[in-house]
2 protein chains.
Amino acid sequence: MLRDWLMSYHPEELFDENGKLIPELKALAPVGDRKIGSNPHANGGKLLRDLRMPDFRDYGIEVPAPGAVEAQDMVELGGFVRDIFKLNEDAHNFRIFGPDETMSNRLGKVFEETNRDWNNELLDTDEFLAHDGRVMDSFLSEHMCEGWLEGYLLTGRHGFFASYEAFIRVVDSMCAQHAKWLKVCNQLPWRQSIASLNLILSSNVWQQDHNGFTHQDPGFLDHISNKKADVVRLYLPPDTNCLLSCFDHCIRSRNYVNVLVTSKHPRPQWLTMEQAVKHCTQGIGIWEWASNDAGEEPDIVMACCGDTPTLETLAAVTILREALPELKIRVINVVDLMKLQPSTMHPHGLADAEYNALFTKDKPIIFAFHGYHTLIHELTYCRENRNIHVFGYKEEGTITTPFDMRVQNEIDRFSLVKNAVQNLPQLGNRGSYLIQKMNDKLVEHKQYIHEYGIDLPEVRDWKWHVPEAK
Amino acid sequence: MLRDWLMSYHPEELFDENGKLIPELKALAPVGDRKIGSNPHANGGKLLRDLRMPDFRDYGIEVPAPGAVEAQDMVELGGFVRDIFKLNEDAHNFRIFGPDETMSNRLGKVFEETNRDWNNELLDTDEFLAHDGRVMDSFLSEHMCEGWLEGYLLTGRHGFFASYEAFIRVVDSMCAQHAKWLKVCNQLPWRQSIASLNLILSSNVWQQDHNGFTHQDPGFLDHISNKKADVVRLYLPPDTNCLLSCFDHCIRSRNYVNVLVTSKHPRPQWLTMEQAVKHCTQGIGIWEWASNDAGEEPDIVMACCGDTPTLETLAAVTILREALPELKIRVINVVDLMKLQPSTMHPHGLADAEYNALFTKDKPIIFAFHGYHTLIHELTYCRENRNIHVFGYKEEGTITTPFDMRVQNEIDRFSLVKNAVQNLPQLGNRGSYLIQKMNDKLVEHKQYIHEYGIDLPEVRDWKWHVPEAK
């Protein structure tokens, strides 16, 4: 039966006496660019053209002194992206994708140059809809938007996906599969490079306003950090100028999954554009203007990663320096999260000598982190300095004030000060009154928000200043 | 205008002269069980009835000696679940949910008692379809199945979701939201308990057969472990009797998210039912039958968690004990992953004294783990013994032999032996020949699978035995 079945295909008509495929049939196989691996439809990198990019420095914020001005990082990024649309209008090779969040993620300036794409009837009451819009966000589906972007990149074009941090988890699996796909492509010489999958996580865990517990999940960083090191990159810019520098780098890059965790609310700006470029290019560094240990051994390292942890760390430093002027404090900010991993594990990782030069081998490190504290434990697991105390999101929070979210998760300035003092045995009893004062502040905070529904004036009005000893 | 608009509602008809709602309207508010929080439709725990459960011990495997018999864990679980259907037939309060995977996850025995639910026309060629089936798997959508199960639990009933481990990531966000929901419910006294969300991850990362890299992602454990400790539970039963014991515990529990990572392929069985119940009740323990350090300090701890790591660890132990009979080896198996976390962080966590009694304070620990090695780093971060070397999935693998998957990720027996020897400085040079032998085996392995497409006979035929010194 098997023989009859196979013979029914008439192999004698398909193969010659040596069992070779006959020339007429062989000739049917496509040649040149029609071969499957050479076909631009299947190997879109062949069609990839660089974006014409404006100079991101032109969109920077003037920062006369750290914390002297406020701005909204995502609003400023919107201006930069608007002009990328302008410069590449003819090329038709750049788009934004997002589940109806371009406005709520504060990228509104792009609508000065383009619109939301809409294929259906247009009404006078529509807001920024057009048949040739380049913003794909008229569709509240993370699946659809991420899938659109993947297809767009695979056909040799450029773009990014902007989403609420908590809801990017909806496409965990899709992003993981794309990362796996890139890892394998990197092993295939005939595969042309494509633009990176850029994911902007705004409306992050610390910025929920009227949203609550359901909108809090910083775990996408954990998810992506497990993927192959040669593919994944994670950035947490602490201010507008840093965001512009990081975004410029990501949008020009190839074959990566870049995750950018960003801030959309008004907040103090720390670095000048010149400082920001230096800081982001290194990915991690000492902020000398906030430190007072120059040329000496620090007593303690105050490290931070993410916009809210950076704000609270700097506020904690002003409290510590006022109360304990003799204390030598080193402030370190992390933009490129993978710098924390050993250089043997990630191409961005610091060598142990570099890491120790920053964090010391034994001094206490109070690390305020944007996400789950366990991710910092993971990344720093093999480092020599085990005297590290990480504070991050611990699944606490509801619809409350911005500062109360931090208090509930113990990454607020008062809790950071307490933990710093508790990890400085050399202070002996001199720290006890400061700890008491911090505990009193935390009670005061709870009473105040209960009565007024907004944060303490001293929290709302806090500004960075080089403290004078009291 | 505001006044006119508000007055248009005629407040004078709705409120009395004191501004109080008039009695007729007040009377419209529902009372008793019709109040929103008391309504069984909204508070389904009120309808929850215990399942009638057969004794899981009756479904156990006879294990005359460790590794003496082979069985398929999920096939045996299917027999237990089949009889849960039988005992609760009238109650109509138990279902299986899965994306067309009940068969491929080897739960086929349940079809001796029930069918797949199907509301459409029935054909003679249908396989196990019926209008009253209790297996919801005629729909290849993780979203639909997980959502169905959540709704089913919220209405006071029982069930579980069985999925491929890699594709449960499709519902990361849904599971996280349910965990958040449970955490908040636990703070509301009027909320009645509901059955736990039970997730069975079979067809796991190490068992891909004809599937490849796309089907490999053990990160769901990382995802859930970040959620609130009072809600999440993670179990990795090493054999059939342990799976039966863990499943029985999970299906009876309330208000948890239980994750069970299971094996579906034929593999050696280690524990008798009596041993399994003791082991799973403790969640972690020394396997004395595999160890040779009784009453002494071990030279090394060989720890394992998950079915494949357990097999490779035991195989490595036989090699080590044959080659280095004087070496004192302690074998520890972990079923309940959260035992590794400090008792201060998770209710299941071991106290430091308990942990040190098992793992010692300073002896090298070679830990073979089912998932990403970073999760073990996370969970054990605060433990005293830092001499731990974890091996897990590192995003390597394709369509290859089962053993080659382990070799590519360095959790195979030969690599574990090498790492054990390299972490025993006291061996001096006596270990060098053993390392050489292991390297030779790894070359032999690659040559053999390249030629024959299956694993080395000594790997396929390996059986646990108490080694005699050579």
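Residues numbered from 1 in each chain as written. Chains lettered and ligands numbered in written order. Predicted model: local features only at pLDDT ≥ 70, side-chain atom pairs only at ≥ 80, totals over all residues. Heavy atoms only, no water.

Draft legend 1. Examining the relation of the copies chain A and chain B more closely. At an RMSD of 0.1 Å, chain A and chain B line up after a rotation of 180° and a shift of 0.0 Å along the axis. Each copy turns onto its partner about a two-fold axis. Nearest to the rotation axis, the C-alpha of Glu378(A) is located 2.8 Å from it, this being the minimum over chain A. A high fraction, 100%, of the interface residues of chain A reappear at the interface in chain B, so the copies pair face to face through one surface. (Least-squares fit on C-alpha atoms with pLDDT ≥ 70 in both. Contact = heavy atoms within 4.5 Å.)

Draft legend 2. Focus on the environment of Val277(A). Residue and element names in this part refer to chain A. Here Val 277 is to be found in helix H9 (residues 273–282). For the pair Val 277 and Leu 244, spaced 33 residues apart in sequence, the C-alpha to C-alpha distance is 9.1 Å. Those residues in contact with Val 277 that sit more than four places away from it in its chain are Phe 56, Arg 57 and Ser 245. (Helix = DSSP H or I, 4+ residues; strand = E, 2+ residues; numbered from the N terminus.)

Draft legend 3. Here's a closer look at the side chain of Glu378(A). Looking at the element boundaries, Glu378(A) is found in helix H12 (residues 373–379). The charged side chain of Glu378(A) is buried without a salt bridge, its nearest counter-charge being Lys227(A) at 11 Å. Filtering out sequence-adjacent residues up to four positions away, Glu378(A) remains in contact with Ser225(A), Asn226(A), Thr374(B) and Glu378(B). (Buried < 20%, exposed > 50% of the residue type's maximum accessible area, 1.4 Å probe, protein only. Lys, Arg positive; Asp, Glu negative; His and termini not counted. Salt bridge = Lys/Arg side-chain N within 4 Å of Asp/Glu carboxyl O.)

Draft legend 4. Broad picture of the pairing of strand E12 (residues 300–305) of chain B. Residue and element names in this part refer to chain B. The element E12 is largely enclosed, with a buried count of 6 among its 6 residues. Because side chains alternate across E12, one face comprises the buried residues Ile 300, Met 302 and Cys 304, and the other comprises Val 301, Ala 303 and Cys 305, equally buried. With 5 bridges connecting them, E12 and strand E13 (residues 329–334) associate as parallel partners. The residue bridging Met 302 from the neighbouring strand is Val 331, located in E13. Sheet topology note: the E12/strand E14 (residues 365–369) ladder contains 5 bridges and is parallel. For Val 301, the partnering residue across the bridge sits in E14 and is Ile 365. (Pairing = 2+ DSSP bridges.)

Draft legend 5. Examining the pattern of salt bridges more closely. What the rule picks out here adds up to 64 salt bridges over all chains. When the shortest N-O distance is used, the salt bridge between Asp83(A) and Arg82(A) registers 2.8 Å. For Asp83(A), a relative accessible area of 12% puts it in the buried group. Relative accessible area serves as the criterion here: at 16%, Arg82(A) is assigned to the buried category. Linked through salt bridges whose partners overlap, the residues forming this network are Arg169(A), Asp172(A), Lys180(A), Asp217(A), Lys227(A), Glu395(A), Arg169(B), Asp172(B), Lys180(B), Asp217(B), Lys227(B) and Glu395(B).

Draft legend 6. Inspection of the interface of chain A and chain B at higher detail. Taken together, the contact pairs 34 residues of chain A with 34 residues of chain B. Buried surface at the junction of chain A and chain B, both sides included, amounts to about 3,100 Å², of which 46% is carbon and sulfur. On the chain A side of the interface with chain B, the three residues burying the most area are Lys180(A), Asn226(A) and Tyr381(A), jointly 21% of the side's total. In this assembly, chain A and chain B are joined by 12 salt bridges. Residue Glu396(B) pairs with Lys183(A) through a salt bridge whose shortest N-O separation is 3.0 Å. The interface formed by chain A and chain B holds 25 residue pairs in polar contact (both at pLDDT 80 or more) in total. Elements with a minimum of two residues in the side of chain A that touches chain B: helix H6 (172–185), helix H7 (220–225) and H12 of chain A. The element contributing the most residues to the side of chain A that touches chain B is H6(A), with 7 residues. Class assignment for the residues of the side of chain A that touches chain B results in 10 nonpolar, 11 polar and 13 charged. (Buried area = accessible area lost by both parts, 1.4 Å probe. Polar contact = N/O pair within 3.5 Å; in protein donor to acceptor, adjacent residues only side chain to side chain. Nonpolar A, V, L, I, M, F, W, Y, C, P; charged D, E, K, R; others polar.)

Draft legend 7. Broad picture of the sheet that holds strand E12 (residues 300–305) of chain A. Residue and element names in this part refer to chain A. Strand order in the open sheet formed by 5 strands is E11-E13-E12-E14-E15, with mixed pairing between adjacent strands. Edge positions in the sheet fall to strand E11 (284–286) and strand E15 (388–391), since each has one partner strand and no second. When the angles between neighbouring strand axes are averaged without regard to direction, this sheet yields 20°. The sheet strands contacting helix H11 (residues 352–359) are E11, E12, strand E13 (329–334), strand E14 (365–369) and E15, and the helix crosses E13 at an angle near 130°. (Axes fitted to C-alpha atoms, helices over the stretch in contact; angles between N-to-C directions.)

Draft legend 8. Expanded view of the packing of helix H8 (residues 240–252) of chain A against H9(A). Residue and element names in this part refer to chain A. Two elements in contact, H8 and H9, have axes separated by 8 Å at closest approach and are oriented at 50°. Comparing their axes, H9 and H8 come out oblique. For the pair H8 and H9, the crossing hand works out as right-handed. The residues of H9 that touch H8, namely those facing Asn 241, Cys 242, Leu 244, Ser 245 and Cys 246, are Met 273, Ala 276, Val 277, His 279 and Cys 280. For the contact of H8 with H9, the class distribution of residues is 7 nonpolar, 3 polar and no charged. (Parallel < 35°, antiparallel > 145°, perpendicular 65-115°, else oblique. Left-handed = near helix turned anticlockwise from the far one by under 90°.)

Draft legend 9. Examining the packing of aromatic side chains more closely. The full count for this structure, using the stated rule, is 41 aromatic pairs over all chains. Between Trp5(A) and Tyr9(A), the aromatic rings sit 6.2 Å apart at their centres with planes inclined by 70°, giving edge-to-face as the arrangement. The interplanar angle of 55° and the centroid separation of 6.4 Å between the aromatic rings of Trp270(B) and Trp462(B) together place this pair among those described as tilted. With Trp270(B) in the loop between strand E10 (267–268) and helix H9 (273–282) and Trp462(B) in the segment after helix H16 (457–460), this pair connects stretches of sequence that are 192 residues apart. Of the two residues, Trp270(B) and Trp462(B), both sit in the buried class. Three or more aromatic residues link up through ring pairs in this structure, and these residues are Tyr59(A), Phe80(A), Phe85(A), Phe94(A), Phe160(A) and Phe247(A). Sitting above the plane of the Tyr256(B) ring, Arg233(B) keeps its charged end 4.1 Å from the centroid. A cation sits over an aromatic face here: Arg386(B) above Tyr381(B), 5.6 Å from the ring centre. (Phe/Tyr/Trp six-rings, centres within 6.5 Å; stacked < 30°, edge-to-face > 60°. Lys NZ or Arg CZ within 6 Å of the ring centre and 35° of its normal.)

Draft legend 10. Seen up close, the nonpolar core. Phe367(A) and Phe367(B) are the most contacted members of the largest nonpolar core, which totals 102 residues. Discounting chain neighbours no more than four positions away, the residues touching Phe367(A) are Ala303(A), Cys304(A), Cys305(A), Val334(A), Leu340(A), Ile376(A), Ile388(A), His389(A), Val390(A) and Phe391(A). With 79 residues, the next largest nonpolar core counts Phe94(A), Leu324(A), Met405(A) and Leu434(A) among its residues. (Core = buried A, V, L, I, M, F, W, Y, C linked by side-chain atoms within 4.5 Å.)

Draft legend 11. Fine view of the sheet that holds strand E11 (residues 284–286) of chain B. Residues and elements named next belong to chain B. With mixed pairing, 5 strands are arranged side by side in an open sheet as E11-E13-E12-E14-E15. Edge positions in the sheet fall to E11 and strand E15 (388–391), since each of these pairs with one other strand and no more. Between one strand axis and the next, the sheet turns by 20° as a mean value, whatever way the strands run. With 4 bridges connecting them, E14 and E15 associate as parallel partners. Bridge pairing in E15 links Phe 367 to Val 390. On the sheet, helix H10 (residues 307–323) packs against E12, E13 and E14 and is oriented at approximately 155° with respect to E12. Helix H14 (residues 413–422) contacts E12, E14 and E15 of the sheet and is inclined by roughly 155° relative to E14.

Draft legend 12. A look at the environment of Lys46(B). Residues and elements named next belong to chain B. By secondary structure assignment, the location of Lys 46 is in the loop between helix H3 (23–26) and strand E1 (70–71). Looking at Lys 46, the relative accessible area reads 31%, which means it is partly exposed. Here the alpha-carbon distance between Lys 46 and Arg 191, two residues 145 residues apart in the chain, equals 8.6 Å. Engagement of the side chain of Lys 46 in a polar contact is seen with the side chain of Asp 33, the distance being 3.0 Å. A polar side-chain atom of Lys 46 sits 2.8 Å from the main-chain carbonyl oxygen of Ser 38.

Draft legend 13. Spatial organisation of the confidence of the model for chain A. On average, residues of chain A score 95 in pLDDT, and 99% of them are at 70 or above. The ipTM for the predicted assembly is 0.92, set against a pTM of 0.94. (pLDDT = per-residue confidence, 0-100.)

Draft legend 14. Highlighting helix H15 (residues 432–452) of chain B. Residues and elements named next belong to chain B. Counted at 1.5 Å a residue, the expected span for H15 with its 21 residues is 30 Å, and the 30 Å between its end C-alpha atoms agrees. By the burial criterion, the buried members of H15 are Leu 434, Ile 435, Met 438, Lys 441, Leu 442, His 445, Tyr 448 and Ile 449. Viewed end-on, H15 has its buried residues packed into an arc of 145°, placing them on one side of the element. Away from its buried face, by an angle of more than 90 degrees, H15 presents the exposed residues Tyr 433, Gln 447, His 450 and Glu 451. (Expected span 1.5 Å × (residues − 1). Arc of directions from axis to C-beta.)

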